[in-house]
Protein chains: 2
Amino acid sequence: MLTRLNHVAIAVPDLKAAAALYRTALGVEPSVPQALSEHGVTVAFVDVGNTKIELLEPLGEDSPIRAFLDKNPAGGMHHLCYEVEDIIAARDRLKSEGARILGDGEPKIGAHGKPVLFLHPKDFNGTLIELEQV
Amino acid sequence: MLTRLNHVAIAVPDLKAAAALYRTALGVEPSVPQALSEHGVTVAFVDVGNTKIELLEPLGEDSPIRAFLDKNPAGGMHHLCYEVEDIIAARDRLKSEGARILGDGEPKIGAHGKPVLFLHPKDFNGTLIELEQV
């Protein structure tokens, strides 16, 4: 069902500082930060060859990563995003296996303009999983 | 410097249960678990198309993931492993940028039989980073 790891998202308190660190210490070039106000994050992508790292900084008071950073002020790995071919079929399979879909269970348009769902981390060994239909 | 994401490691309390979950709910096939007693883990690999997920269960009292699971009993994302071409050059660049290498700073032979180093998570926004020379 999963066809590819689209990205690993890392929440950071200071995107500019994190981007500089990835550039100087790890030798990879983050993209220019984009403010996605409808998603409550500012994001920079880091191409690491076969997949992407998404550095996420909270934007606005209702940012979905605000609580995570309150618990982890220095930042941390926030979620994994896997690609699927058919997000409705994927959701129905997951529900039939007892996995919980966050929110109302319907796909939303994600930060890449594609349908996404998030799965409850308690059902996947503490890992927040995003599914994206590509 | 980073050339590829080799794997995402997820610590789990029960590898058999986690492997079954990935198979039934996520539709991917974990490898047969391997006990790596010299590394203190039992591991199963999950091919997700462009990279791997490594499911890690502690093995023995001195397991390097024991403390993580004590803090996160349900499991969680433990580290990211990136490939580099020259691990000594990578280490020297990181040290010159002020990043801390765990242990004595010398590469060790990792779970894949290749030289690896771990970087201090406090230097990378709470993310434990493994570098592997491939």
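Residues numbered from 1 in each chain as written. Chains lettered and ligands numbered in written order. Predicted model: local features only at pLDDT ≥ 70, side-chain atom pairs only at ≥ 80, totals over all residues. Heavy atoms only, no water.

- Chain A is annotated in an unreviewed UniProt entry as methylmalonyl-CoA epimerase of Paramesorhizobium deserti.
- Recorded under Sequence similarities (unreviewed entry), the UniProt text for chain A is reproduced unchanged: "Belongs to the methylmalonyl-CoA epimerase family."
- Word for word, the UniProt comment on chain A under Catalytic activity (unreviewed entry) is "(R)-methylmalonyl-CoA = (S)-methylmalonyl-CoA". (UniProt positions renumbered as here; feature names shortened; annotations may be inferred.)

## Comments concerning the environment of A:S96
Here comes step 1: For A:S96, the location among the structural elements is in helix α3 (residues 87-96).
Here comes step 2: In this structure, the C-alpha to C-alpha distance between A:S96 and A:V46, residues 50 residues apart in sequence, is 35 Å. (Helix = DSSP H or I, 4+ residues; strand = E, 2+ residues; numbered from the N terminus.)

## Observations regarding unusual backbone geometry
Here comes step 1: In this structure, A:N125 takes a positive phi of about 50 degrees despite not being glycine.
Here comes step 2: As for its position among the elements, A:N125 is in the loop between β7 (115-119) and β8 (129-133).

## Regarding the pattern of salt bridges
Close approach of charged atoms allows side chains with opposite charge to pair.
Residue and element names in this part refer to chain A.
Here comes step 1: Following the criterion strictly, the structure yields 12 salt bridges over all chains and no others.
Here comes step 2: With a closest N to O distance of 3.0 Å, R23 and E29 form a salt bridge.
Here comes step 3: The partly exposed category is assigned to R23, whose relative accessible area is 35%. (Salt bridge = Lys/Arg side-chain N within 4 Å of Asp/Glu carboxyl O. Buried < 20%, exposed > 50% of the residue type's maximum accessible area, 1.4 Å probe, protein only.)

## Quick look at the pairing of strand β8 (residues 129-133) of chain B
Residue and element names in this part refer to chain B.
Here comes step 1: Across the 5 residues that make up β8, a large majority, 4, are buried.
Here comes step 2: When strand β5 (residues 76-84) meets β8, the two strands line up parallel, connected through 5 bridges. In the sheet register, Y82 faces β8, and the bridge partner there is L131.
Here comes step 3: The sheet contact formed by strand β7 (residues 115-119) and β8 spans 4 bridges and is antiparallel. Considered in β8, the bridge of L117 is made with L131. (Pairing = 2+ DSSP bridges.)

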